[in-house]
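One letter stands for each residue in the lines below.
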Amino acid sequence: MTSGPPLVARTHDSIASIAAETWDGLANPDPSRFDPFLSHAFLAALEDAGCVGPGSGWRALPISLETADGDVLGLAPTYLKTHSRGEYVFDHAWADALERAGGRYYPKLQCAVPFTPVPGRRLLVAPGPEAEHTRRHLAAAAVEVAGRAGLSSLHITFATADEWRDLGAMGFLQRTDQQFHFANPGYRDFEDFLATLASRKRKAIRREREEAVANSVTVHALSGADITESAWDAFFAFYMDTGNRKWGQPYLNRPFFSLLGERLGERCLLVLASRLGRPIAGALHLIGGDCLYGRYWGAIEHHPFLHFELCYYQAIDYAIAQGLPRVEAGAQGDHKIARGYLPATTYSVHWIADAELAAGVARYLEAERRHVERARDMLAELAPYRRNGGTAGAAGEGD
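Residues numbered from 1 in each chain as written. Predicted model: local features only at pLDDT ≥ 70, side-chain atom pairs only at ≥ 80, totals over all residues. Heavy atoms only, no water.

Enquirer: Where do I start with helix H11 (residues 355-380) in this structure?
Expert: Helical geometry: 3.6 residues make up each α-helical turn, so side chains three or four residues apart lie on a common side. In this model, H11 (26 residues) spans 37 Å end to end at C-alpha, consistent with the 38 Å of a helix rising 1.5 Å per residue. Among the residues of H11, those classed as buried are Leu-357, Ala-358, Val-361, Leu-365, Glu-368, Val-372, Arg-376, Leu-379 and Ala-380. Residues of H11 that are buried make contact with helix H3 (92-100), strand S9 (173-183) and strand S15 (342-352). (Helix = DSSP H or I, 4+ residues; strand = E, 2+ residues; numbered from the N terminus. Expected span 1.5 Å × (residues − 1). Buried < 20%, exposed > 50% of the residue type's maximum accessible area, 1.4 Å probe, protein only. Contact = heavy atoms within 4.5 Å.)

Enquirer: Looking at this model, I keep getting lost on the sheet that holds strand S2 (residues 58-60). Mind explaining?
Expert: In sheet architecture, strand pairing relies on hydrogen bonds along the backbone and comes in two forms, parallel and antiparallel. Taking strand neighbours across the sheet as the criterion, the eleven strands line up as S2-S5-S6-S8-S15-S9-S14-S13-S12-S11-S10 in an open arrangement whose pairing is mixed. Each edge of the open sheet is held by one strand with a lone partner, namely S2 and strand S10 (217-223). Going from strand to strand, the sheet's axes swing by 30 degrees on average, the running direction of each strand aside. Sheet topology places strand S5 (residues 78-81) next to strand S6 (residues 108-111); four bridges connect them, and they run antiparallel. In the sheet register, Lys-81 faces S6, and the bridge partner there is Lys-108. Contacting strand S11 (268-275), strand S12 (278-287) and strand S13 (291-299), helix H9 (residues 254-264) crosses the sheet at an angle of about 50 degrees to S12. (Pairing = 2+ DSSP bridges. Axes fitted to C-alpha atoms, helices over the stretch in contact; angles between N-to-C directions.)

Enquirer: What's the story with the confidence of the model for the protein chain in this structure? I'm lost.
Expert: Interpretation of the predicted coordinates at a detailed level should be avoided for regions scoring low in pLDDT. Scored by pLDDT, the protein chain has a mean of 94; 94% of the residues are at 70 or more. Throughout residues 392-399 the model reports pLDDT below 50, and contacts reaching past four residues in sequence, or to other chains, amount to 26 contacts. (pLDDT = per-residue confidence, 0-100.)

Enquirer: Quick question: what am I supposed to make of the nonpolar core here?
Expert: The nonpolar side chains of a soluble globular protein tend to be buried, and buried together. Core analysis: the biggest nonpolar cluster contains 45 residues, and Phe-42, Phe-256, Phe-257 and Leu-284 have the highest contact counts within it. The set of elements that each furnish at least two residues to this core consists of helix H1 (20-27), helix H2 (40-48), S2, helix H8 (229-246), H9, S11, S12 and S13. Element by element, the count of residues in this core is highest for H8, at seven residues. Apart from residues no more than four positions distant in its own chain, Phe-257 is found in contact with Trp-232, Phe-235, Phe-236, Tyr-239, Leu-252, Leu-284 and Tyr-296. (Core = buried A, V, L, I, M, F, W, Y, C linked by side-chain atoms within 4.5 Å.)

Enquirer: Where do I start with the sheet that holds strand S1 (residues 7-11) in this structure?
Expert: Taken in spatial order, the four strands make up an open sheet running S1-S3-S4-S7, and their pairing is antiparallel. The sheet is open, and its two edges are formed by S1 and strand S7 (124-125), each paired on a single side. Strands S1, strand S3 (63-67), strand S4 (72-76) and S7 of the sheet are contacted by helix H4 (residues 131-148), whose axis makes an angle of about 125 degrees with S3.

Enquirer: Can you walk me through the side chain of Glu-66 in this structure?
Expert: With respect to the secondary-structure elements, Glu-66 resides in strand S3. Glu-66 gets classed as buried once you look at its relative accessible area, which sits at 8%. At 3.2 Å, the side chain of Glu-66 and the side chain of Arg-10 are in polar contact. Ignoring sequence-local partners within four residues, the contact set of Glu-66 consists of Pro-6, Leu-7, Val-8, Arg-10, His-12, Asp-71, Val-72 and Leu-73. (Polar contact = N/O pair within 3.5 Å; in protein donor to acceptor, adjacent residues only side chain to side chain.)

Enquirer: Quick question: what am I supposed to make of helix H10 (residues 306-322) here?
Expert: Across its 17 residues, H10 extends 23 Å between first and last C-alpha, which sits within 8% of the 24 Å expected from 1.5 Å per residue. At Tyr-313, H10 shows its largest kink, close to 30 degrees. H10 sits mainly inside the fold: twelve of its 17 residues count as buried. The positive-phi residue at the C-terminal boundary of H10 is Gly-323, with phi of around 70 degrees. (Bend = angle between axes of the 7 residues up to and from the residue.)

Enquirer: Explain the pairing of S9 here, please?
Expert: Along any regular strand the residues' side chains alternate between the sheet's two faces. Most of S9 is tucked away, with nine of its eleven residues classed as buried. With nine bridges joining them, S9 and S15 adopt antiparallel strand pairing. Each residue of the ladder has a partner; that of Asp-177, found in S15, is Thr-346. Here four bridges tie S9 to strand S14 (residues 326-331), and the two strands are oriented antiparallel to one another. Bridged to Ala-183 within S14 is Arg-326.

Here is the structure:
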């Protein structure tokens, strides 16, 4: 590539305007590591349901990197943002600083999966010896798009460790944070996992699972065609009830879940809890090639530990049964450590046009990275696993 023809960057007005086979060929070239959130089906469903688009503050503006002949070598899921909601990498203080100085922070360019704090590739290029070179071209093209449009900044969030290192070498500002992931080294079943825990932690988990279903509660998991529209109706009621209380305004609407079931139903795992035949709570997970992703939860009745059962323990059960090496249970929550989920570093990179703001943010991020690393090491010490066996230490580096 280094001696080949020049590459051309193009912007598009939607994910849907790019052919699904073109997008998926770069987003998921390896089925064994399939990432449902990067799939054309998931991203286009957000647009088609209206979760992304007019009035949402997220305007799809994907970037393609092409040869002069129109061969697509790279793609980036980029969005023009007029706020900082639904990103889970917080830059409100940066916006305030620029606007107090008389600048304008919004709109900005965001490279991410909307409303989804899931780590994964963001600069989608074909694997091979030229991948790093193409990725750098694509990152530079995204900066050029932001600069030409007079945008304040470009943010590539929940990227891979490789992207973070590579773009850091290009001069991007580097940021870290952490989530909590479950690592499955090949457990035979849930009891095999419990056997690796300290006795007190093992007993606590057994007690939580028993109490979660003590009050005539039953739990069942659905996927594919078994997730009917009535099941989506029930889950959406849970999602809205919890979302309204936690966030004020949930990001996803009811049509999105129908589209998700229609287009990625075999990748959906909907765990529902019922009491006396009436659905009362649910957790939606998406099934990747090498990971189970916990995403959305809601309940209309409170039962002790039911959240842990549907979101964490059922996910561990499923991952073990299916031989999936990881469970990612979403953002935040150091309470997950006692349930076997360990700290894992997440990564983002940032380009800021204003030199003075960029310098201040760089100083802040240097201190923040040290804090994140110290916190990660301290939290890893709280792992419930026996010191002479089991999965001790951190869950990994997010790549």
